[in-house]
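Okay, here's what each chain looks like letter by letter:
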Amino acid sequence: MKSLEVDKHVNFLVKAATTRGFEWEMTEYLRMSGIYWSLTALDLLGQLDKLPREEMIAYVFSCLHENGGFSPAPNHYPTIIYTLSAIQVLVILKALDQLGEKKEKVIEFVKSLQNTDGSFIGSPDDDEEETDTRFSFCAVATLKLLNSLNAIDLDKTVQHIKACQNFDGAFGVRVGSESHAGQVFCCVGTLALLEKLDIVDQELLGWWLADRQLPCGGLNGRPMKKEDVCYSWWALSSLVMIKKSAWIDHKKLAEFILSAADEEMGGIADRPGDIPDPFHTLFGIAGLSLLQYNNNLELDISSSKENVKLKPIDPVLCLPSYLLHEK
Amino acid sequence: MHGRVKVKTSAQKAAEKEAERARKLQEFQKIKKKLYEPSESKVPTFKQLLESTNEFLPPMADYLSQSSTLAYYMKDWPILWQLRLTALRRMATSKQEKSLETLEQELDLTFNCLVDSPKSYSTWAHRRNILKLIRQFDEEKGLEILKTEVGLTERMLMSRTEDQVENQGRNFHCWDHRRLILNALPQDALTEIQLTTKLIQTSFSNFSAWHYRSKLLNLEEEGVVENEMDLVLNAVFTDPSDASSWIYHRHLISNAPDSSTLTNILKSHEESLNELLELEKEEDNNNLENMPLAWVIQDGLAGYLNSLPIPRSFADVANLSAKDVLHLTLFFGTTGAGAWYLAEKLTTPHRQNTTVKLGSDKVVDTFKTENIDGKAVYCRCWKSAKFPYCDGAHNKYNKETGDNLGPLIIAKE
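Residues numbered from 1 in each chain as written. Chains lettered and ligands numbered in written order. Predicted model: local features only at pLDDT ≥ 70, side-chain atom pairs only at ≥ 80, totals over all residues. Heavy atoms only, no water.

Regarding the overall build of chain A
What counts is decided by this rule: By definition, any uninterrupted DSSP run of H or I lasting at least four residues is a helix, any uninterrupted run of E lasting at least two residues is a strand, and each is numbered from the N terminus. Atoms counted for the radius of gyration: C-alpha only. Globule rule: 2.2 Å times residue count to the power 0.38. Type-normalised accessible area, obtained with a 1.4 Å probe on protein chains alone, sets the label of each residue: buried when under 20%, exposed when over 50%, and partly exposed for intermediate values. Here, two residues are considered to be in contact whenever any of their heavy atoms come within 4.5 Å of each other. Note that accessible areas follow from Shrake-Rupley with a 1.4 Å probe, and for residues the cover is restricted to the protein chains shown. In this tally, Lys and Arg are treated as positive and Asp and Glu as negative; His is ignored, and so are the chain termini. Charged groups are reduced to one reference atom each: NZ for lysine, CZ for arginine, CG for aspartic acid, CD for glutamic acid.
Counting its secondary structure elements, chain A contains 14 helices and two strands. Relative to the globule expectation of 20 Å for 327 residues, the C-alpha radius of gyration of chain A, 19 Å, shows essentially globular dimensions. Taken over the C-alpha atoms alone, chain A extends approximately 50 × 45 × 40 Å along its principal axes. The proportion of buried residues among the 327 residues of chain A is 69%. Contacts in chain A between residues far apart in sequence, at least 24 positions, make up 67% of those at least 6 positions apart. Carbon and sulfur atoms provide 49% of the accessible area of chain A, an area that totals close to 11300 Å². Taking the 31 positively charged and 46 negatively charged side chains of chain A as two groups, their mean positions are separated by 3 Å.

Here you go:
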C-alpha cells in the first residue's frame, strides 16, 4: 500500500488556500466551506499553523450578516451551509468565544429556517418547498456546536428525516427523493446528533452502504455510479455511525484513496488520474483517519518531520475529535 | 471539482491555458464589480441598486441583460440568481411592459444553463422560482407552462448529454424537479408508473426509476407483486451484474405479502436461472470475485424454496452457517468485493473505544485504593463522557445493542 505523503498534501493545501488566481476567484461562492476543508485537512495532518489564523478569523466575521447567518464571501447572501462551515472554522481555530452576543443571532438564523413539517430551507426568503436534508444536518450540527439544540423543533426534525427514508433503508434530498450516500450522511448524522439512530433500519442501510464498494475498492454514491473519493467520507462515516463499518474491505478502500493522490502536486482527486482539490483531499484524508482509528488499518505515513501522525476525526461532525471530546 | 481529468500538456499549451485563464479572470472581475462588488466608482452595483429602492428602475433591465451572459460562468453562484430573481419579482409586481416575455426568456436562460450543467442546484431552484413567478403573474399561462415543463423533464430523463456518457435518467435534480412541479398539477400516478417502466425498459440499471416505482406501487394490491417480479426478473436475466435490479428484487422478496403466487413465480424461474448459470460458469473461471450473481442465485433460490429462512436482517444471520451467509448475501444482490468480505467480516472483532484519547496507543488509568473515598464507579463500556468514571452511558449502549455491560464498582467496607 502506498504511503500518505503528508508534506505533499500540506503543500498542496497551503498553495490552494493562498494563491490568488483563477481557482481562487472561481470558488468565491463556496469560500467559507473551502476554508473549512483546508483547515480540517491541515489539522488532521498536524499542520494547522501553516495558515494565518487571525486572517481566517477576520474573514469569517466579515461574512457574518445582521440576521445571524454567514455567507460564503462578503457581498454574498447568508445560507445555512456556510453558517455551519463558519462555525466549524471558528471551532478549529478555537475562536468560537469571539462570537460573543452574536451567538444568539446565529441561533435565531438557524431557527428561522425550519418549516412546520420539520424540514429546513437554505436561506431566508427561499420558498418553503426548497428543502434539502443537507440543510437539516447543517442546522442541527451548527446548533450542536453552539450548545443550543433545543432552539428548533427536534421531534419534527426527526419526523422529516424519517419521511425521507426509502425502500432501501437509505435517504434522499427530500421526501420522495432517491437514496444518495451524501444525503445518507446528512440524515444519519442528524439522527446521531439527536440520539435517534433507532429510526434507522441499520442492517438494511448498512447493506445499501456496503454495496457502495466497487471491485476497485472505491465507494460510489448510488447504485451503478462511479467511485469517488468523497464517498470514502459520506458512506464510510455513515457506516461507522451505525456500527457497520466492518462490512466493507478497509484495505482496498485505503488503497483506492491513496491511488487518487496526485504524486506531482500533492492533494487528492475524486479518482485516480483526475485533478486534485481541497474538497477531495479533506474527505480522502478523513476517510483514511476513520479507517485507521475506527478499523485498525495500518497506514504508512511519510513526512520529512518526525513523529507525524494522522489525527482521529469525529464521524458525525467531520472535525478532529480532540476538539470535541476533550475539555 | 468532479471528473476533471488531468491531461499532460506541453509547456506551450500550459502557457496558452494560463493566458486564457488570465483573460477570463479579468473579464469576470469586471462583471463582478458591476453586479455586487463595491468600488470607488460612482456607478452603483446591481446589488446596491436593488437594495436602494423597491421599484424596478430602468438600469435594472440593462443589468439583467448584461448579467445573463455571466450566468454561464456563475450558474452555481446563488448570488447571481438571487439578484436576478429580486429584480424580476420587482418587475412583475410593478407590471412592467414585457414582463411575461422577460420571464420566459429567463426560462430559456436557465434551460441553456442546465443543458451545460444539469446538476446545478441553484439553477434548478431558480427555474422553479421563475415558474412560480410566471404563475403569479398569469395563472393560466403559468399552469400551461408547468404542463410543458413535465414533458421537458421526461425528455431530459430519456436523453444522453452530448459530451457525457452519463445517462440523464439518473439525474436526481431532474426527478425531484418533476415531482415538485407535479405537486401543482392533478395527480396522475399511472403516467408516472408508465414513465418508470419506459425508463427501465431502456436501461435496467436505472435505479432512480426503480426507486420511484417503490413509491408509486403498493405491494399489497392484487397483481402488483407478480407484475413487479416479472419486470425485475427480466432485468436480472438480461444483466445479472446490474446492482439496481437486485436491490429492487430484494425489496420485493422482503416485503411482498407471503403467497403461493410468489413461490410459484420463483419456482418457474428456477429453470431459467439454472440455464443462465451453466452459461456463466462456462464463461467465467470460477473466480469468486467476478462471480456473476446468477451463479449463486441458484443456491439462494434453492434455499428459499427449501424454506431456508431469508433473514430480514443480519441479526438473523448469526444463526446461519458461513456458507449460507455468503450465498444469501450474494443472492440478495451485493456486488463485487463487498459481498465476499461482508460475509467474512461479520465475524471480525470490532473496535470498542471510539471516543477516549484516540491518539493514545493504549489508554490506561491507575488509581490507588487508599485514595478512594467510600466508593468509586468506573466505566467498562468505554462510552462514558466522564471516562474513566461511569456516567450511565452503558444504559443507552445496552439498549441500542442488546448488550449487558455495566460499571466496575470499588467499594470500601
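Overview of the pattern of salt bridges
Basically, it comes down to this: Only one rule defines a salt bridge in this text: a Lys or Arg side-chain nitrogen within 4 Å of an Asp or Glu carboxyl oxygen.
On inspection of all chains with the given rule, the structure shows 37 salt bridges over all chains. Two residues, Glu130 of chain A and Arg128 of chain B, come together in a salt bridge whose shortest N-O distance is 2.7 Å. Taken as a pair, Glu130 of chain A in the loop between helix H6 (102-112) and helix H7 (133-145) and Arg128 of chain B in helix H6 (residues 121-137) lie in two separate chains rather than in one. For the pair shown, Glu130 of chain A and Arg128 of chain B are each scored as buried.

Things to note about the UniProt feature "domain: Iron-binding zinc finger CDGSH type" (unreviewed entry) in chain B
Applicable threshold: UniProt positions are given in the numbering used here, feature names are shortened, and annotations may be inferred rather than shown by experiment.
Per the UniProt record, the feature "domain: Iron-binding zinc finger CDGSH type" (unreviewed entry) sits at residues 362-400 of chain B. Here residues 362-400 of chain B runs as 21% helix and 10% strand, with 26 Å between its end C-alpha atoms.

What to know about the confidence of the model for chain B
All names here are of chain B. To keep it simple, the criterion reads: Per-residue confidence from the prediction method is given by pLDDT, with values spanning 0 to 100.
Across chain B, pLDDT averages 80, with 78% of residues at or above 70. Across residues 286-348, where pLDDT falls below 50, the model places 110 contacts with residues more than four positions away in sequence or in other chains. Reported for the predicted complex are a pTM of 0.85 and an ipTM of 0.96.

Digging into the packing of helix H4 (residues 78-93) of chain B against H6 of chain B
Residues and elements named next belong to chain B. To keep it simple, the criterion reads: Axis definition: a line fitted to C-alpha atoms, limited for helices to the stretch in contact. Angles are taken between N-to-C directions and run from 0 to 180 degrees. Every angle not falling under 35 degrees, over 145, or within 65 to 115 is termed oblique; those three ranges are roughly parallel, roughly antiparallel and roughly perpendicular. Put simply, Ala, Val, Leu, Ile, Met, Phe, Trp, Tyr, Cys and Pro go in the nonpolar bin, Asp, Glu, Lys and Arg in the charged bin, and everything else, Gly too, in the polar bin.
H6 packs onto H4 with a crossing angle of 5° between their chain directions and a minimal axis gap of 10 Å. One finds that H4 runs roughly parallel with respect to H6. Of the residues in H6, those in contact with Pro78, Trp81, Arg84, Leu85, Leu88, Arg89 and Ala92 of H4 are Ser122, Thr123, His126, Asn129, Ile130, Leu133 and Phe137. Across the contact of H4 with H6, the residue classes tally to eight nonpolar, four polar and two charged.

Considering the domain arrangement of chain B
Note the threshold: Boundaries of every domain are those given by an automatic assignment or by a domain database.
Here chain B is described as being made up of domain 1 (10-201) and domain 2 (363-412). Each of domain 1 of chain B and domain 2 of chain B has a C-alpha centre, and the two are 58 Å apart.

Topic: the interface of chain A and chain B
Buried accessible area, meaning the area lost when the parts come together, often serves as the stated size of an interface. Stated precisely, the cut-off is as follows: By buried area we mean how much accessible surface two parts lose on assembly, using a 1.4 Å probe and totalling the loss over both. For this analysis, a polar contact is any N or O atom pair within 3.5 Å, provided that within protein one partner can donate a hydrogen and the other can accept it, and provided that sequence-adjacent residues contribute only side-chain to side-chain pairs.
On the chain B side, the residues contacting the 73 residues of chain A number 75 residues. For the chain A and chain B pair, buried surface summed over both sides reaches about 6800 Å², with 55% attributable to carbon and sulfur atoms. Our count for the contact surface shared by chain A and chain B stands at 12 salt bridges. With its nearest N and O atoms 2.7 Å apart, the salt bridge here joins Arg170 of chain B to Glu178 of chain A. At the junction of chain A with chain B, the criterion picks out 29 residue pairs in polar contact (both at pLDDT 80 or more). For the side of chain A that touches chain B, the secondary-structure elements that each account for two or more residues are helix H2 (22-26), helix H10 (202-210) and helix H13 (278-295) of chain A. Classifying every residue of the side of chain A that touches chain B gives 25 nonpolar, 19 polar and 29 charged.

Re unusual backbone geometry
The amide bond that connects Phe387 of chain B to the next residue, Pro388 of chain B, takes the cis arrangement and shows omega of 10°. Within the secondary structure, Pro388 of chain B is located in the loop between strand E1 (375-378) and helix H18 (393-401). Phi angles above zero are rare outside glycine, and Glu195 of chain A is one such case at about 55°. The residue Glu195 of chain A is located in the loop between helix H9 (181-193) and H10 in this model. Residue classification places Glu195 of chain A among the exposed positions, given a relative accessible area of 53%. Its identity as a non-glycine residue notwithstanding, Met224 of chain A has a phi of 65°, on the positive side. By the secondary structure assignment, Met224 of chain A is in the loop between H10 and helix H11 (231-241).

Section: the state of the cysteines
Residues and elements named next belong to chain A. Here is the rule we go by: Cysteine sulfur atoms that come within 2.5 Å of each other are treated as a disulfide pair.
The final tally for this structure, using the stated rule, is zero disulfides over all chains. This cysteine, Cys187, is not joined by any disulfide, and Cys164 carries the nearest cysteine sulfur, 5.7 Å off. Unpaired in this structure, Cys318 has its nearest cysteine sulfur neighbour in Cys186, at a distance of 11 Å. Classification of Cys318 as buried rests on a relative accessible area of 3%.

Some points on the side chain of Glu106 of chain B
Its location among the elements puts Glu106 of chain B in helix H5 (residues 99-116). When sequence neighbours within four positions are dropped, the list of residues in contact with Glu106 of chain B reads Trp81, Arg84, Leu88, His126 and Ile130 of chain B.

Here we look at the packing of helix H8 (residues 154-163) of chain A against H9 of chain A
Residue and element names in this part refer to chain A. What counts, and what does not: Here a crossing is taken to be left-handed if its near helix is turned anticlockwise relative to the far helix by less than a right angle, and right-handed if that turn runs clockwise.
Put simply, H8 and H9 touch, their axes get as near as 10 Å, and they point 150° apart. Relative to H9, the crossing made by H8 is left-handed. Of H9, the residues touching H8 (which contributes Thr157, Val158 and Ile161) are Cys187, Thr190 and Leu191. A class-by-class count of the residues in the contact of H8 with H9 yields four nonpolar, two polar and no charged.

Examining the UniProt feature "domain: Prenyltransferase alpha-alpha toroid" (unreviewed entry) in chain A
When the UniProt feature table is mapped onto this chain numbering, "domain: Prenyltransferase alpha-alpha toroid" (unreviewed entry) sits at residues 4-319 of chain A. Between the C-alpha atoms that bound residues 4-319 of chain A the distance is 19 Å, and the span itself is 47% helix and 1% strand.

Things to note about helix H12 (residues 243-255) of chain B
Residue and element names in this part refer to chain B. Operational definition: A helix's residues, less one, multiplied by 1.5 Å, set its expected span.
Here H12 spans 19 Å end to end across 13 residues, near enough to the 18 Å set by a 1.5 Å rise per residue. Extensive coverage of H12 is indicated by the burial of 11 of its 13 residues. Considered for burial, the residues of H12 that qualify are Ala243, Ser244, Ser245, Trp246, Ile247, Tyr248, His249, Arg250, His251, Leu252 and Ile253. Two to three positions downstream of the cap, the backbone nitrogen of Ser244 sits 3.5 Å from a side-chain oxygen, assigning the N-cap of H12 to Asp242.

Looking at the packing of aromatic side chains
We count it as follows: Any two of the Phe, Tyr and Trp rings considered here, Trp counted by its six-membered ring, make a pair once their centres fall within 6.5 Å; the pair's planes then place it as stacked at under 30 degrees, edge-to-face at over 60, or tilted in between. Put simply, a charge is over a ring when the Lys NZ or the Arg CZ is close to the ring centre, within 6 Å, and near the line of the ring normal, within 35 degrees.
Counted according to the given criterion, the structure contains 19 aromatic pairs over all chains. Pairing Trp210 of chain B with Tyr248 of chain B gives two aromatic rings, centres 4.7 Å apart and planes at 35°, and the pair type is tilted. Of the two residues, Trp210 of chain B is situated in helix H10 (residues 207-216) and Tyr248 of chain B in helix H12; the sequence distance between them amounts to 38 residues. For the residue pair Trp210 of chain B and Tyr248 of chain B, the accessibility class agrees, reading buried in each case. In this structure an aromatic cluster arises from ring pairing among Trp37, Phe137, Phe185, Trp233, Trp234, Phe279 and Phe283 of chain A. Over the ring of Trp208 of chain A we find Arg212 of chain A; its NZ or CZ atom is 4.3 Å from the centre of that ring. Lying over the aromatic face of Trp247 of chain A, Lys244 of chain A brings its terminal NZ or CZ to 5.9 Å of the ring centre.

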